[in-house]
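Each chain, letter by letter, is given below.
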Amino acid sequence: MFKEIFELIYFFLPGYFANMLPSVVGDLKLFESLKIPLDFKKKIKGKRILGDHKTVRGLLFGLLGGVFVAIFQAFFYQYSFFKKISLIEYNLRNAIILGFLLSLGVLFGDMLFSFFKRQKNIPPGKPWIPF
């Protein structure tokens, strides 16, 4: 059972990094010119769609970070330990596709969560029990 859990964690590493990197890049104040809200400050029923915390910069760095992690996984796939814990056969094409899709899924899920939080008037960074 622990082997399967470890394999799944390794498989989802690109998504974990994609989820983490937007916050890290935002805290470091990098690429301020890309700090454009993804909702372009549009509103639904008088409430922001996503808010100021979901930016082009975060989306871009999340996607790139996830792809780079998957590329590193493809590089390490040549070693027997990493072959044993890999759920897919990593090559460059598979890694890029996997990294992009996992990252996109995680980031889209986070945006969806933000949408519902904004509609319920829950401030950014505050927990919300259903999620």
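Scroll up for the structure.
Parameters and conventions
Residues numbered from 1 in each chain as written. Predicted model: local features only at pLDDT ≥ 70, side-chain atom pairs only at ≥ 80, totals over all residues. Heavy atoms only, no water. Helix = DSSP H or I, 4+ residues; strand = E, 2+ residues; numbered from the N terminus. Buried < 20%, exposed > 50% of the residue type's maximum accessible area, 1.4 Å probe, protein only. Contact = heavy atoms within 4.5 Å. Expected span 1.5 Å × (residues − 1). Phe/Tyr/Trp six-rings, centres within 6.5 Å; stacked < 30°, edge-to-face > 60°. Axes fitted to C-alpha atoms, helices over the stretch in contact; angles between N-to-C directions. Parallel < 35°, antiparallel > 145°, perpendicular 65-115°, else oblique. Nonpolar A, V, L, I, M, F, W, Y, C, P; charged D, E, K, R; others polar. Salt bridge = Lys/Arg side-chain N within 4 Å of Asp/Glu carboxyl O.

1. Here's the deal with unusual backbone geometry
Inference 1: In this structure, K29 takes a positive phi of about 60° despite not being glycine.
Inference 2: Although it is not a glycine, K45 adopts a positive phi angle of roughly 55°.
Inference 3: Of note, K45 is situated in the loop between strand 1 (43-44) and strand 2 (47-48).

2. Topic: the side chain of Q73
Inference 1: Position of Q73 among the secondary structure elements: in helix 3 (residues 56-76).
Inference 2: Since its relative accessible area comes to 2%, Q73 is described here as buried.
Inference 3: When residues no more than four places from it in sequence are discounted, the contact partners of Q73 are Y10, F11, L13, P14 and Y90.

3. Notes on helix 3
Inference 1: The first and last C-alpha atoms of helix 3 sit 30 Å apart over 21 residues, in line with the 30 Å expected at 1.5 Å per residue.
Inference 2: All of the buried residues in helix 3 are R57, G58, F61, G62, L63, G65, G66, V67, V69, A70, Q73 and A74.

4. What about the packing of aromatic side chains?
Inference 1: Scanning the entire structure with this criterion turns up 13 aromatic pairs.
Inference 2: Consider the rings of F75 and Y79, whose centres lie 6.4 Å apart with planes at 75°: the pair is edge-to-face.
Inference 3: A residue is classified by how much of its surface remains accessible, and F75, at 46% relative accessible area, is partly exposed.
Inference 4: Judged by relative accessible area, Y79 falls into the partly exposed class, the value being 42%.
Inference 5: One aromatic cluster is present, formed by F6, Y10, F75, F76, Y77, Y79, F81, F82 and Y90 through successive ring pairs.

5. Things to note about the packing of helix 1 (residues 2-11) against helix 2 (residues 13-27)
Inference 1: Where helix 1 contacts helix 2, the two axes come as close as 4 Å, and the packing angle between them is 50°. The orientation of helix 1 with respect to helix 2, classified from their angle, is oblique. Contact with helix 1, carried on its side by I9, Y10 and F11, involves L13, P14 and Y16 of helix 2 and no other residues of that element.
Inference 2: Of the residues contributing to the contact of helix 1 with helix 2, the split by class is six nonpolar, no polar and no charged.

6. Details of the pattern of salt bridges
Inference 1: Enumeration over the complete set of coordinates arrives at five salt bridges.
Inference 2: The salt bridge partner of K3 is E7, with a shortest N-O separation of 2.3 Å. Linking K3 with E7, this pair stays in helix 1, spanning four residues, or about one helical turn.
Inference 3: Salt-bridge contacts for D39 lead to R48; the nearest nitrogen and oxygen are separated by 2.8 Å.
Inference 4: Taken together, the shared-partner salt bridges connect D39, R48 and D52 into one network.

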